[in-house]
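Fold and geometry: a report
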Amino acid sequence: MSNPPPLLEVTDLKKHFPIHAGVFSRVSGQVHAVDGVSFRIGPGETLGLVGESGCGKSTVGRTLLKLLEPTSGTIRVAGKDITHLDAAGMLPYRQRMQMIYQDPYASLNPRMSAGEIVAESLVIHQVGTAAERRERVAALFERVGLRPEAMHAYPHEFSGGQRQRIGIARALALNPDLIVGDEPVSALDVSIQAQIINLLMDLQDELKLSYLFVAHDLAVVEHISHRVAVMYLGRIVEMTDKVSLFEMPLHPYTEALLSAVPIPKYSARARRRVILKGDVPSPINPPTGCHFHTRCPYATPRCRQDVPALREVTPGHWASCHLHDSGPMLPLRSPAA
Ligand code: SF4
């Protein structure tokens, strides 16, 4: 018997944004925001997607939900190709895939009550009667830790953490399978972040939700994820289970990221300081070959020419780096160390 398809399968996804210039607004270039990204997420699994600002991780989340049209590539949900579905065809998939936004202040309509915000998708998808929707919204408020009476209050009457709870209740309203969290705790105080992360983990256990958790905070990603994918300039450069990633990073960029934010429970090797030189290059004109070669302490002339494929270096541990072309080169050693 063959295995069931993963809940979400993204293959070679690209999203380029045209740059218009001049009086006639001609296309003068492209921003390569997402440049060939592939991954899978299984039922009840959390994939953390990390990288520096501007690496394209939020664009991946928006494109796979088709809030942005992909430039190329394939998006499959439970085996069904949704890449080219129109708005009507996407309706059932909009129910299955929801989003929690980064900014709980900006993502809630200030003119709607909290109850109306959570009920909005139920109304759009014509779920239940008005009384049933009220009952559902009250139950969702309780489930995310808000008093049902708060349904009648407006967004400005809530704290930041409470607003994010409203955002979570809104995402849960249609019983989704997959939630994309786009930096859902980065705008919150640290103490509140922990509460929201724990709520998301409890909901996952209870409702068997899958998450794509987009974040730049490695400690948060380590806490919530089963597997982690690291992005650099529009490409995934490393992907594996979280213990392998934090204990034994295979890509020089991951090594540098981890060394900047050491997590005490992992070994000293994983916490060795590696300083990256220079800034992230522009995604308008990304470097040739390996995008990371302008900052990589291990770069060779070949890295400027050849794009390293994302290969399974050890079982379940994928990395795109020429260092591992003839098998895993472990451990990485900084030339400056
Ligand atoms: Fe560094 Fe070369 Fe590996 Fe890229 S392919 S990460 S430049 S060693």
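As the structure is a prediction and not an experimental result, all values here were calculated from the model. (Residues numbered from 1 in each chain as written. Predicted model: local features only at pLDDT ≥ 70, side-chain atom pairs only at ≥ 80, totals over all residues. Heavy atoms only, no water.)

This brings us to the packing of aromatic side chains. Within this structure, the stated rule accounts for 4 aromatic pairs. Within the aromatic cluster, the residues linked to one another by ring pairs are Tyr-232, Tyr-253 and Phe-292. (Phe/Tyr/Trp six-rings, centres within 6.5 Å; stacked < 30°, edge-to-face > 60°.)

Time to look at the state of the cysteines. As enumerated under the stated definition, the model contains 0 disulfides in all. Looking at the unpaired Cys-55, the closest cysteine sulfur is the one in Cys-290, lying at 14 Å. (Disulfide = S-S within 2.5 Å.)

Quick look at helix H6 (residues 190-207) now. When the terminal C-alpha atoms of H6 are compared, their 26 Å separation across 18 residues agrees well with the 26 Å that a helix rising 1.5 Å per residue should span. Within the span of H6, buried status applies to Gln-193, Ile-196, Ile-197, Leu-199, Leu-200, Leu-203 and Gln-204. Seen from one end, H6 has its buried residues packed into an arc of 160°, which puts them on one side. The elements touched by buried residues of H6 are strand E3 (46-50), strand E6 (97-100), helix H4 (130-143), helix H5 (160-172), strand E8 (210-215) and helix H7 (218-224). Looking at the residues trailing H6, positive phi occurs at Lys-208, about 55°. (Helix = DSSP H or I, 4+ residues; strand = E, 2+ residues; numbered from the N terminus. Expected span 1.5 Å × (residues − 1). Buried < 20%, exposed > 50% of the residue type's maximum accessible area, 1.4 Å probe, protein only. Arc of directions from axis to C-beta. Contact = heavy atoms within 4.5 Å.)

Neighbouring the ligand are 13 residues, the closest being Cys-290, Cys-296, Cys-303, Cys-321 and His-322. Along the lines of polarity and charge, the residues of the shell around the ligand split into 10 nonpolar, 3 polar and no charged. (Near = heavy atom within 4 Å. Nonpolar A, V, L, I, M, F, W, Y, C, P; charged D, E, K, R; others polar.)

This brings us to the packing of helix H3 (residues 114-124) against H5. H5 packs onto H3 with a crossing angle of 25° between their chain directions and a minimal axis gap of 7 Å. With respect to each other, H3 and H5 are oriented roughly parallel. Seen along the crossing, H3 lies across H5 with a hand that is right-handed. In this structure, H3 contributes Ala-114, Ile-117, Val-118 and Ser-121 to the contact, and H5 contributes Ile-166, Ala-169 and Arg-170. For the contact of H3 with H5, a count of residues per class yields 5 nonpolar, 1 polar and 1 charged. (Axes fitted to C-alpha atoms, helices over the stretch in contact; angles between N-to-C directions. Parallel < 35°, antiparallel > 145°, perpendicular 65-115°, else oblique. Left-handed = near helix turned anticlockwise from the far one by under 90°.)

Positioned with a positive phi, Lys-66 is a non-glycine residue whose angle comes to about 65°. Note that Lys-66 resides in the loop between helix H1 (57-64) and strand E4 (72-77). Judged by its relative accessible area of 6%, Lys-66 is buried. The phi dihedral of Asn-175 falls on the positive side, at around 55°, and the residue is not glycine. Locating Asn-175 in the fold gives a position in the loop between H5 and strand E7 (178-182).

As enumerated under the stated definition, the model contains 13 salt bridges in all. The shortest N-O distance in the salt bridge between Asp-177 and Arg-96 comes to 2.5 Å. One end of the pair, Asp-177, is in the loop between H5 and E7; the other, Arg-96, is in helix H2 (residues 87-96), with 81 residues separating them in the sequence. When the shortest N-O distance is used, the salt bridge between Glu-222 and Lys-265 registers 3.1 Å. (Salt bridge = Lys/Arg side-chain N within 4 Å of Asp/Glu carboxyl O.)

The subject of this paragraph is the sheet that holds E7. In spatial order, the strands read E6-E7-E8-E3-E9-E10-E12-E11; together these 8 strands make up an open sheet with mixed pairing. The open sheet terminates on both sides in strands that have one partner only, identified here as E6 and strand E11 (311-314). Each strand axis lies, on average, 25° off the axis of its neighbour in the sheet, ignoring direction. Two strands pair when backbone bridges link them, and strand E9 (residues 227-232) and strand E10 (residues 235-241) are joined in this way by 6 bridges, in the antiparallel orientation. (Pairing = 2+ DSSP bridges.)

Such coordinate-based values are descriptive only and should not be taken to indicate function.
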